[in-house]
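Understanding the architecture of this molecule
Single-letter residue listing:
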Amino acid sequence: MTAAEWQIVWFTAWVSALSTLVILPPGLAVAWLLARHEWPGKSLVETVVTLPLVMPPVATGLILLKVFGRHGMGGFLHNRLHLDVVFTWRAVLVALGVMSFPLLVRSARVALEQVNPRFEQIARTLGAGDLRVFFSITIPLALRGIIGGVILAFARALGEFGATIMVAGNIQGRTSTLSLSIYQSWFNGEDTVAYRLLGASVVLAFAAVWTSEWFMRRSRK
Amino acid sequence: MNITKWLKTALALLVVSGGVAANAATITVFAAASLTDSLGEIGRDYQKHTGNKVEFNFAASSLLARQIEEGAPADIFFSADEAWMNTLEQKGLVDKKTRRRRLSNSLVIVVGTDSPLSIQSPSDLASEKIGHIALADPQSVPAGIYAKEYLRKVHLWEKIEPKVVPMGNVRAALAAVESGDAEAGIVYKTDAAISKKTRVAWAVPREEGPKISYPMAGLKEAHDPEAARAFLKYLDSDEAGRVFAKFGFIVDNHTR
Amino acid sequence: MNFLLQNISLPLADFTLEIDARLQCQVTGLFGPSGAGKTSLLDLIAGLRQPASARIVLNDRVLTDIGAGVVMAPRLREIGYVPQDLALFPHLSVRKNLLYGHKKSRETEPLFGLEHVTEVLQIQPLLGRGVRDLSGGEQQRVALARALLTSPRLLLLDEPLASLDASLKAKIIPYLCRVRDEFHLPILYVTHDEQEVVALCDEVLQMERGRITERRRINDRQT
């Protein structure tokens, strides 16, 4: 594997991990809101959150491009905040985050719904405020399912293609992920490169699943 | 609280990285795929001379123009045809004062090195022995547009069109011929020159071929317009001209 | 002790809980068949359920006054609640469970300190264990201790001995008596066992379909 190929592997793993990290707090918050309460507009939010899961990824990518690009917030971001998003690694981060968000929310929601509300109620009578109840009781009891959701989100991010290529392009050294590179190198007739990258993605996926299994086993004690 | 820690780390990373992008004059050049090898070498030379780094995004000029139009951060655009540069100029994205044209190219018909085909004239492309002809997408990519323009001129387009396999860029068209997926393809002479698995079956004479022109310009939203102009100047130099000529480009020593 | 349960109205599945009573004894029993609304009443007092109307005042502290728009949050009520299923946190050790609501600063006297409470209920050897490793009776005492360690002003016990067999019940009742006598807390004790009523309560309220049908004085003890 050449240095450039290692860079692609490292970049993919790093940006997938970061995107999963970034969507974790809002993901848990949304999962919590959907799990516990009834409120006006809830079904609308449910639907919107699920959309990236169901829509063609390139369509989602196009929406992101219009939102963050020159025709959307791009001008403001570039001029006022000196921040470039589209066709930079930040766009990859956004694409991966958006595409894996619904997976995280769905898993976390199920896990949170399965926590017996009695535990939370008793915690309140013992003097805990809402935040403390959430972090000391709800999350730990839902942890297995939440971790499952995190792994799922990470795996989805690792393999993202459609939205990424739209909003970030496949710019070598800058936004090139494993999936994009495998496609591009095959496309350009660089078969051996494609196979090496393919091997790397198998190893990466294997490592991710192995780690999640190990974690599940540990937390079962 | 673990979650607060995660949040802070993620936010910090995002914010800090805003400044990471532009450090010590890194110039971003969006350039046509056919310039990959020549510009790559020129960029390395430039870095050796000046210490400034040049980063390239090589792709079809159509895709690059699209990306720039949508807000991709780039300092210089080096297109394979005037039309795409004009599009960006009309949108007010080009620094008109820096626009110049130096390079030209010519088209060739390539076949695989092992291919038994012999092409005496372009009309041989209509032969039954050729099932697929690889072109860069004639709808948008300059190499494909030039090829179509030429085939139209010699009244072959309609006959050949059903066999055309449109590819994302000219290098992909070349790869299709190299792999044997297409029996023939039309690419730039400079692409055929670096390919080891194809041979030129027929070269389009310069007088008959389309006018190929590679305009380059600095972009208005460049992060470092000074550095961009410096590199453009270098691209205009004799040194760079030698590299381009080495790869087979037709180098014009007038500007504009 | 002056515990006002005024004008309470809470619609339930089959009937409406309607209570209007003033409690002045230390240990008041709530006696009645299952489904009579006893647990709902406890939930209400603890602030875990919102009634349609109510005015609940414990020793001059207004916990709920729907009319005046006052609903104190459960965590501020300083009420110790031991529910029927105990709700011991399975992911925390016994020690962590016990100390969950314990605030040294809130400790009114060493009375509600870890040492004293664990001594009264004799659970010191259990501290390092996991909650799942405990027997039924041990879990009961831990749940009770956990509520006590918050220095509550009122203790709500929902059928604490319901899931125990006769011999175990006989063993735990003395602990409950100790709690009653050592901590001097007002206690609301839900049960459908006559024995427990006689052993522990000063007064018992009979409940049926959401209403108090009878009030009986049991013991002539000082409050």
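Scanning chain A for helices and strands turns up ten helices and zero strands. Here the C-alpha coordinates of chain A stretch approximately 65 × 45 × 30 Å along the principal axes. In chain A, 75% of the contacts between residues at least 6 apart in sequence involve partners at least 24 apart.

So, on to the interface of chain A and chain B. Counting residues at the interface gives 23 residues for chain A, matched by 23 residues for chain B. For the side of chain A that touches chain B, the secondary structure elements donating two or more residues are helix 1 (3-36) and helix 4 (74-81) of chain A. Split into classes, the residues belonging to the side of chain A that touches chain B amount to twelve nonpolar, nine polar and two charged.

All names here are of chain B. Sheet architecture is open: six strands sit in the order 2-1-3-10-4-11, paired in mixed fashion. With one partner strand each, in any of the chains shown, strand 2 (53-59) and strand 11 (250-251) form the two edges of the open sheet. Of the pairings in the sheet, the one linking strand 3 (residues 76-78) to strand 10 (residues 214-219) comprises three bridges and is antiparallel in character. Along strand 10, the bridge assignment pairs Phe 78 with Met 216.

On to the confidence of the model for chain B. All names here are of chain B. With 89% of its residues at a pLDDT of at least 70, chain B reaches an overall mean of 89. Across chain B, element-level confidence peaks in strand 3 with a mean pLDDT of 97 and bottoms out in helix 1 (residues 2-20) with 58. Confidence over residues 18-23 falls short of pLDDT 50; this stretch has five contacts with residues more than four positions distant or in other chains.

Of all two pairs of chains in contact, the one with the most contacts involves chains A and B. Nothing in chain B touches chain C; the tightest C-alpha to C-alpha distance between them is still 16 Å.

All names here are of chain B. Here strand 5 (residues 107-112) lies mainly inside the structure; six of its six residues are buried. Pairing between strand 5 and strand 8 (residues 184-188): five bridges, direction antiparallel. When the sheet's bridge partners are listed, Leu 107 is paired in strand 8 with Tyr 188. Note: strand 5 against strand 9 (residues 198-203), five bridges, orientation antiparallel.

Residues and elements named next belong to chain C. The five strands lie next to each other as 2-1-4-5-6, forming an open sheet whose pairing is antiparallel. Among the strands making up the open sheet, the edge pair consists of strand 2 (16-23) and strand 6 (70-71). Sheet analysis places strand 1 (residues 3-11) next to strand 4 (residues 53-58), joined by five bridges and oriented antiparallel. By the bridge assignment, Phe 3 is partnered in strand 4 with Leu 58.

With that settled, consider unusual backbone geometry. Residues and elements named next belong to chain C. A positive phi is found at Gln 122, a non-glycine position, where the angle reads about 55°. Its identity is not glycine, yet Arg 209 carries a phi of approximately 45°, on the positive side. Here Arg 209 is to be found in the loop between strand 10 (203-208) and strand 11 (211-217).

All names here are of chain C. Among the secondary structure elements, Ile 19 is positioned in strand 2. Sequence separation between Ile 19 and Arg 211 is 192 residues; the distance between their C-alpha atoms is 6.0 Å. Not counting the four nearest positions on each side in its chain, Ile 19 is found in contact with Leu 5, Ile 8, Leu 41 and Ile 212.

Within the largest apolar cluster, 191 residues are counted, with the highest numbers of intra-cluster contacts made by Ala 95 and Val 167 of chain A, Ile 76 and Phe 77 of chain B together with Leu 156 of chain C. The biggest single contributor to this core is helix 5 (residues 89-113) of chain A, with 16 residues. Setting aside residues no more than four positions away along its own chain, Phe 77 of chain B makes contact with Phe 30, Leu 64, Ile 68, Met 85, Leu 88, Met 216, Ala 217 and Leu 219 of chain B. Core analysis: the next-biggest nonpolar cluster, separate from the first, contains seven residues, Ile 8, Val 9, Leu 197 and Ala 200 of chain A among them.

This paragraph deals with the interface of chain C and chain A. Each side of the interface is counted separately: chain C has 15 residues, and chain A has 14 residues. Classifying every residue of the side of chain C that touches chain A gives nine nonpolar, three polar and three charged.

Before going further, it helps to examine helix 5 (residues 142-153) of chain B. Here helix 5 of chain B is twelve residues long and its end C-alpha atoms lie 16 Å apart, about the 16 Å a rise of 1.5 Å per residue gives. Residues of helix 5 of chain B that are buried include every one of Pro 142, Ala 143, Gly 144, Ile 145, Tyr 146, Ala 147, Lys 148 and Leu 151 of chain B, and no others.

Parameters and conventions
Residues numbered from 1 in each chain as written. Chains lettered and ligands numbered in written order. Predicted model: local features only at pLDDT ≥ 70, side-chain atom pairs only at ≥ 80, totals over all residues. Helix = DSSP H or I, 4+ residues; strand = E, 2+ residues; numbered from the N terminus. Contact = placed C-beta atoms within 7 Å. Nonpolar A, V, L, I, M, F, W, Y, C, P; charged D, E, K, R; others polar. Pairing = 2+ DSSP bridges. pLDDT = per-residue confidence, 0-100. Buried ≥ 20, exposed ≤ 12 C-beta atoms within 10 Å, placed from the backbone. Core = buried A, V, L, I, M, F, W, Y, C linked by C-beta atoms within 7 Å. Expected span 1.5 Å × (residues − 1).

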